[in-house]
Every structure is written in C-alpha cells, then in structure tokens.
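What follows is the residue order along each chain.
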Amino acid sequence: MTDQPIKVLHVVHWPVSGITSLLRGLIPLITAEGVNCHIIFFYHDADTVADFARICRTAHSLDLSRSYARGLRQYAGHIKTIAPDILHTHSFQPLVWGSLLNRRGGRHVTTVHSNYPYFTKRTVKSLIKKWIERFFIRQCGIRTIAVGKVVHALLGGLGVPQRNLYLIENGVDVTGYDGVAEARLAARRELAIENDRFVFVTLGRLDIGTKGYDILLQAFRGVCDRHGGQVLMMFIGDGPDRSRLEDMAQQYGVSAQVKFIGYKKNPVSYLCAGDAYVCSSVVEGFGLATAEAMLCGLPVIATRVGANPEMITHGISGILVEPGDPEAITSAMSDFVIRRYPLEDMAQRGKRQVTGKYDIRNTAAAYVKLYKSMMESAR
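In what follows, the accompanying structure is described.

## A word on the pairing of strand E4 (residues 86-90)
Burial analysis of E4 places 5 of its 5 residues in the buried class, which makes it a mostly covered element. Side chains Ile86, His88 and His90 project from E4 onto one buried face, and the interleaved Leu87 and Thr89 project onto a second face that is buried too. Pairing analysis gives 5 bridges linking strand E1 (residues 6-12) to E4, with the strands arranged parallel. The residue bridging His10 from the neighbouring strand is His88, located in E4. Two elements, E4 and strand E5 (residues 108-112), share 4 bridges in a ladder whose sense is parallel. Opposite Leu87, over in E5, you have His108 as the bridge partner.

## Here we look at the sheet that holds E4
Ordered by their spatial adjacency, 7 strands build an open sheet running E3-E2-E1-E4-E5-E6-E7, and the pairing between neighbours is parallel. At either end of the open sheet lies a strand with only one pairing partner, and these are strand E3 (58-61) and strand E7 (165-167). On average, adjacent strands in this sheet sit at an angle of 20 degrees to one another, irrespective of strand direction. Direction of pairing for strand E2 (residues 35-41) relative to E3: parallel, over a ladder of 4 bridges. What sits directly across from Ile40, in E3, is His60.

## Some remarks on the packing of helix H12 (residues 288-295) against helix H15 (residues 343-357)
Where H12 contacts H15, the axes come no closer than 8 Å and their chain directions differ by 120 degrees. Put simply, H12 runs oblique to H15. Crossing of H12 against H15: the hand is left-handed. Mapping the contact onto sequence places Ala291, Met294 and Leu295 in H12 and Ala347, Gly350, Lys351, Val354 and Thr355 in H15. Looking at side-chain class alone, the contact of H12 with H15 contains 5 nonpolar, 2 polar and 1 charged residues.

## Structural notes on the packing of aromatic side chains
Tallying each qualifying case throughout the model produces 16 aromatic pairs. Judged by centre distance (5.0 Å) and plane angle (15 degrees), the ring pair of Trp14 and Tyr43 falls under stacked. Residue Trp14 is located in the loop between E1 and helix H1 (18-31), and its partner Tyr43 is located in the loop between E2 and helix H2 (46-55); the two are separated by 29 residues in the primary sequence. Assessed through its relative accessible area of 37%, Trp14 is described here as partly exposed. Geometrically, the ring pair formed by Phe92 and Tyr118 is edge-to-face, given 6.0 Å between the ring centres and 70 degrees between the ring planes. With Phe92 in helix H4 (residues 92-101) and Tyr118 in the loop between E5 and helix H5 (124-139), the pair connects residues that are 26 residues apart, well separated along the chain. The buried category is assigned to Tyr118, whose relative accessible area is 9%.

What counts as what
- Residues numbered from 1 in each chain as written.
- Predicted model: local features only at pLDDT ≥ 70, side-chain atom pairs only at ≥ 80, totals over all residues.
- Heavy atoms only, no water.
- Buried < 20%, exposed > 50% of the residue type's maximum accessible area, 1.4 Å probe, protein only.
- Helix = DSSP H or I, 4+ residues; strand = E, 2+ residues; numbered from the N terminus.
- Pairing = 2+ DSSP bridges.
- Axes fitted to C-alpha atoms, helices over the stretch in contact; angles between N-to-C directions.
- Parallel < 35°, antiparallel > 145°, perpendicular 65-115°, else oblique.
- Left-handed = near helix turned anticlockwise from the far one by under 90°.
- Contact = heavy atoms within 4.5 Å.
- Nonpolar A, V, L, I, M, F, W, Y, C, P; charged D, E, K, R; others polar.
- Phe/Tyr/Trp six-rings, centres within 6.5 Å; stacked < 30°, edge-to-face > 60°.

Following this line, the structure appears as structure tokens:
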C-alpha cells in the first residue's frame, strides 16, 4: 500500500441530494484513513459548498446554469489543478464528462446510487443514455460501485464487466439518535403541529419521477377521507416538482393537511416530528432517508424498491407495498393511524435492523479499501 495520502476528487451533479447527504457522512471517515478529499458540484449552493469546504481540502461549484461550456472548462481546470490520484464521479453527467476530461488515465471510479429510470425504460433518450454510460464504463475500465444488491444485479445485466463491478452498500451514521423525544417536541413546536395529530413524514428531493410523491399525495387523500383532520402529511426537501405537488394537494382538497417545509440542513430533527415515515419511491438505490427514519424510531411504510426489502422485514419492522399502488399505501397508512400494528415495537425492531447492518463506518472502510487497491494496481 502507498504511504502517501491518496488524493480523491469527488464530482456530484446536484448539491442538495441524497448523494450529498451520504458524502457529508463518508468524507470525514475516509479522511481519517489517509485520503485527501476534494469535491466539485455541477451547480452552486452556497451552504453546501461551505459545508464541504470544512471537511474537504477544496470544494468547488461550476457555472453550468449560466454557461454549460464554461462550466465544463472549469471542470477540466479543476481536474488539472487538483491532479487527483482517483477521480470519483457520482451519477451520469459527472461520469461522462469526467471520462472525457480526465487526462490521468484509468484511475476513475463511479458510484451508481440508484436503479435510475433510464436503465429500464425503452424510450430513445433512455436507450441512448444507457448506451453512453455503458460505453464509457467499459471503454475506460471505470470501477463501478453499486450501492445495493438491486443496482448491482441491474448493472451486471447491462453488461458492466464483473471484474470492475463492486457492491458497497450505503450506510448511515447510527449514532446520535438518543434525544428523539426532545427533538420531536421542539420540531412540533417550531412547525405548530398539535401533539394529537398523527403525522406522516417523508424526506427527499421533490422529484415525482423517482420519488413517487404524486402517488403519495393520491394515497394521502384516501387517508384524509377516512380520518379527516386527525392526520397530517409532511414533506421535508425541495426540488423541481414542489409547485406541482403543492397544486396537486390543493386540487385534492388536502392542502390544509399537507406541510411542505423545504430543504433542511439537519433533516433528522424534523423526521422526529413524525409518527410514521412513508417512502413512496418508484426507484431507489439504497434509501438513506428511510434508514434515518428507522434510526429515529419511526415505523415505516415503504415500496418494494432498492434495498427496502432487505432493510425492512414486512409486518415485523415495517410494511412493504408495491411501487405505484396508491390504494396499498392508503391502506397501510390507515392501519398505522388506527394502530392495527404495535407501532412502537415495530419501530424498535426496525432501528435494531438498521443499526446492525448499515453502519456507515463499514461503507467508508470499503471505499478506502477500493481506493488503495486501485493505487496498487496502477503501479
């Protein structure tokens, strides 16, 4: 193994995303093992860049929103200046442009964070995008990390060579969840939520295509029909479909029982305000927010996508439903309101499952091991 620190440049498309949340926890652990991390975001968010400037050697954002060509020149310039030992890209565009702009050769690793819709759709755009990604992964010999077993199997089926395909399951920081009761009271006071309301909460980028939030609102309308003002649905996060979802809540007549509280830098304290968590995702790689909710001691309802079936034992540590089925979500949510299940016991079993299997320290150790093996093979 090399005695010198390994210089890794992470490149991320969206500064406010689950990928960013994962890296915020991973990078300090990786740094402690002798890795010098740098990071580039394709789009600017001042708070995110400032956060990562504290844990990385350098943190940058590109000007893609103003000029795509100028942003790519910046990308190339940062690669040249930082001269990383390893380029680590996250998602499609950082991968493709990184492959073209990285002049250092084969030390490139990419993490595929979800079974994105274009992997399975048969539209012309999806087929082209899939072909391009597979071409660069194979042609450039890019090490490819799948964050869960579903994604790993999908990438293998798409032709990613097994010698360059790695399963490194995502993890979460399993510490710091002792003050849940106090956080619940504080969050409910801040958000003016009555203590007797049954609050469903969900966390993620407000993107209908992947998160299925339109289906969740449709399901919640059914819950309101059954339970009236007893229930509340809270969305934590922001994204391109926020106004569309707000309009949909108005159209369904449930806007008074839906709260969109926006992006929160520390979402865990707001998760604690809930009585139960709902994941309505249509596609998912791991489900970081679901794991965090379970660590908060919330019983969960989740679609059978990504790692959810591995994380949740149906009927024991949560409830699993089929993706795209609003009636099934409505039924499960209603069962939670009437406490058909022992919710406290279910929540505690879920917390134990996540704590035992998805510790982020294991994820960090696997990343460092891969980085070191890449440096060894490059000698």
